[in-house]
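# Tertiary structure, described
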Amino acid sequence: MTRYFPVSLDLEDRPCVVLGGGPMAFEKAQGLLLAGARVTVVASGAAAELRQAAGGGRLDLVERDYLPGDLAGAWLAIDASGSDEINAASRREAAERRVLLNVVDRAQLCDWIAPAIVRRGPLQVAVSTSGESPFLAAAVRRRLERDLGAEWEPFVRLVGEVRRRLREAGVPAADQEAVFSGLLRSDVRRLLREGDAEGAAALAEEVVRRPRPGRVWLVGAGPGGADLLTLAAREALAGADLVLHDALVDPGVLELAGPAARVVDVGKRAGGRRVPQERIDAMLLEAAARGDEVVRLKGGDPFVFGRGGEELAALAGAGIEVRLVPGVSSATAAATLAGIPLTLRGVASSVAFATARERGGGPADLARLAAAADTLVVLMALDGLAATAAALAAVVGPGRPAAVVAGAGTRRQRVVRGELGTIAAACAAAALEPPATLVVGEVVAAAAAARELSRPA
Ligand SMILES: C[S@@+](CC[C@H](N)C(=O)[O-])C[C@H]1O[C@@H](n2cnc3c(N)ncnc32)[C@H](O)[C@@H]1O
């Protein structure tokens, strides 16, 4: 429960009073002027900006200290005088006249408190901590300002125009909503951000005609928690009607799907049941044909041992629009999060990526790669690790440094370091669990000192 009730007041042409003549009073007067209020400032010794605004006819300036009666007829009043005496007197008068008063920095004297505001034309986001911490309110506002770029102003105006048109034409509410969600998920905002207002308007018309064409996003979810998700992946998840995800995708990532999204696990853990690939392809096609915004969410990057290529081919073959969002792949992130640089000047200048699974290449292939590259990264490494390590040791020697990184980027992250000759036994002793990635090469040992100082973000 909070005692504050957020509202957006219509102050157009309404009288408002500001007491005080310093920079704070000027800032408050500016905010009221932006809302179209008729502003009177009462202050002796007003700052130059206030005089200038009064000279330009934007506000009335009464050049004397506050006197009882100054709040008569005001809709809102702000006391930015900084004077205890004036604060007490304005408080008394506001109570008598039932004028809503804000006394700057004196929460106990206020009828209302001013939120921190993100302004994007007609879109205004007000942030309030109910007076607990103006500092935090400003910090949250700055974050929102970064998320809501300047393009939101023309975007909100454009959607507003479309809304008025649809209402005038008597379009049913459900169809209107389809258009609004189509506009939200379209490239209209991107075009506006790039300054292409004409292109944005043309695309908006297309969306109005055909709001739900249906498409599939092939999205990389990164190796672990939501912090390693890209902004594009977050955006795709927020707009999804349906999310089909791998088993390796963290629950924290799935929580970023919009509240109306259906979230379906089509993955498997080692040995578990999984939805066959053909069925996944069919689900993607059916949903897109229905007009759904579908996110196919894959661990790491969709095109690194993720069968993303096959799904892309199936969708493209059926004429479905596909959007691709790369992800942070465990192929590189597992090593990074364990403090192992895959390349290191004077130590390693080439890297090879492979899988330990027979169907994905198999040990013979691995041996060839181990001989060719300075650093070898092996995915799906835990099953049959002893055989994999032995095959590699036969080529590069059992003393080659090796590490296995399990659960990289999650709270379960563990790293076992050793040499090819001993790594399988060490992992078994540590009871490591998948998903795990093997890194083989001198880099594993070379960066030991730096590793002592490093921590994952
Ligand atoms: C089917 S592959 C998918 C790879 C994924 N597309 C990528 O780019 O990270 C699964 C393998 O990725 C690796 N992997 C995935 N997540 C991992 C993690 N959090 N830590 C270590 N390795 C991981 C493991 O080798 C696992 O067996």
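Computed from a predicted model, the values in this text were never measured in an experiment. (Residues numbered from 1 in each chain as written. Predicted model: local features only at pLDDT ≥ 70, side-chain atom pairs only at ≥ 80, totals over all residues. Heavy atoms only, no water.)

## As for the site of the ligand
The ligand sits among 17 residues. The nearest are V304, S329, S330, M380 and A436. The contact in question runs from a nitrogen atom of the ligand to an N or O atom on the backbone of G299, over 2.9 Å. Note that a nitrogen atom of the ligand is positioned 2.6 Å from one of the backbone N or O atoms of V304. Against a free-state accessible area of 570 Å², the protein chains account for coverage of 88% of the ligand. (Near = heavy atom within 4 Å. Polar contact = N/O pair within 3.5 Å; in protein donor to acceptor, adjacent residues only side chain to side chain. Areas by Shrake-Rupley, 256 points an atom, 1.4 Å probe, with all protein chains shown as cover.)

## Thoughts on the environment of G214
Mapped onto the elements, G214 comes out in the loop between α8 (197-209) and β8 (215-220). Of the residues examined, G214 reaches a relative accessible area of 9% and is grouped as buried. For the pair formed by G214 and G291, sequence separation is 77 residues and the distance between their alpha carbons is 3.7 Å. Ignoring any residue separated from it by four or fewer positions in sequence, one finds G214 in contact with A288, G291 and D292. (Helix = DSSP H or I, 4+ residues; strand = E, 2+ residues; numbered from the N terminus. Buried < 20%, exposed > 50% of the residue type's maximum accessible area, 1.4 Å probe, protein only. Contact = heavy atoms within 4.5 Å.)

## So, the side chain of S186
Positionally, S186 belongs in the loop between α6 (173-185) and α7 (188-193). Apart from residues no more than four positions distant in its own chain, S186 is found in contact with L203, V207 and R215.

## What about the pairing of strand β2 (residues 38-42)?
Pairing geometry for strand β1 (residues 15-19) and β2, over five bridges, is parallel. Pairing of V17 across the sheet is with T40, part of β2. Here β2 pairs with strand β3 (residues 60-62) via three bridges, running parallel. Bridging across to β3, V41 finds its partner in L61. Each parallel crossover has a hand, and for β2 linked through helix α2 (residues 48-55) to β3 it is right-handed. (Pairing = 2+ DSSP bridges. Right-handed = clockwise from strand over helix to strand, strands pointing away.)

## Let's talk about the packing of helix α5 (residues 152-168) against α6
Packing of α5 against α6 leaves a shortest axis separation of 11 Å and a crossing angle of 160°. In terms of axis orientation, α5 runs roughly antiparallel to α6. Along this stretch, α5 crosses α6, giving a crossing that reads as right-handed. Within the contact between the two elements, α5 uses W152, F155, L158, V159, V162, R163, L166 and R167 and α6 uses Q176, V179, F180, L183 and L184. Each residue belonging to the contact of α5 with α6 can be placed in one class, and the counts come to ten nonpolar, one polar and two charged. (Axes fitted to C-alpha atoms, helices over the stretch in contact; angles between N-to-C directions. Parallel < 35°, antiparallel > 145°, perpendicular 65-115°, else oblique. Left-handed = near helix turned anticlockwise from the far one by under 90°. Nonpolar A, V, L, I, M, F, W, Y, C, P; charged D, E, K, R; others polar.)

## Description of α6
The end-to-end C-alpha separation of α6 is 18 Å, in line with the 18 Å expected for 13 residues at 1.5 Å each. Residues Q176, A178, V179, G182, L183 and R185 constitute the buried set of α6. Contact partners of the buried residues in α6: α5, α7, α8, β8 and β11 (293-298). (Expected span 1.5 Å × (residues − 1).)

## Comments concerning the sheet that holds β3
Spatial ordering of the open sheet is given by β3-β2-β1-β4-β5, a layout of five strands whose pairing is parallel. Edge positions in the sheet fall to β3 and β5 (100-103), since each of these pairs with one other strand and no more. Across this sheet, the average inter-strand angle for adjacent strands is 20°, counted without regard to direction. Inspection of the sheet shows β1 paired to strand β4 (residues 76-79) by four bridges, in the parallel sense.

## A short note on the sheet that holds strand β10 (residues 262-265)
One open sheet holds the five strands; their spatial order is β10-β9-β11-β8-β12, and the pairing between them is parallel. Lying at the two open borders of the sheet, with one neighbouring strand each, are β10 and β12 (321-325). Across the sheet, the axes of successive neighbouring strands diverge by a mean angle of 20°, strand direction being ignored. Two elements, β8 and β12, share five bridges in a ladder whose sense is parallel. Bridge pairing links L218 to L324 in β12. Against the sheet, helix α9 (residues 231-238) makes contact with β8, β9 (242-245), β11 and β12, and its axis sits at roughly 140° relative to β8, the strand it touches most. Packed onto the sheet, helix α11 (residues 277-289) meets β8, β9, β10 and β11 and runs at close to 155° relative to β11.

## Here's the deal with the side chain of T410
Inspection of the secondary structure assignment puts T410 in the loop between β15 (401-406) and β16 (414-419). Look at T410 and you get buried, because its relative accessible area is 17%. From its side chain, T410 meets the backbone nitrogen of R412 in a polar contact 3.1 Å long.

## Regarding the pattern of salt bridges
Enumeration according to the criterion identifies 26 salt bridges in this entry. Residues R323 and E321 are paired through a salt bridge, measuring 3.0 Å at the closest nitrogen-oxygen approach. Owing to a relative accessible area of 22%, R323 belongs among the partly exposed residues under this scheme. The exposure class of E321 is partly exposed, given its relative accessible area of 33%. Within this structure, R185, D187, R190, E194, R215, D241, E293, E321 and R323 form a network of salt bridges that share partners. (Salt bridge = Lys/Arg side-chain N within 4 Å of Asp/Glu carboxyl O.)

## Focus on the packing of aromatic side chains
Summed over the entire model, instances satisfying the criterion amount to one aromatic pair. Measuring from ring centre to ring centre gives 5.5 Å for W152 and F155, while their planes differ by 90°; the resulting arrangement is edge-to-face. Of this pair, W152 and F155 both sit in helix α5, three residues apart, which is roughly one turn of the helix. For W152, a relative accessible area of 16% corresponds to the buried category. Over the ring of W217 we find R323, and its NZ or CZ is 5.8 Å from the ring centre. (Phe/Tyr/Trp six-rings, centres within 6.5 Å; stacked < 30°, edge-to-face > 60°. Lys NZ or Arg CZ within 6 Å of the ring centre and 35° of its normal.)

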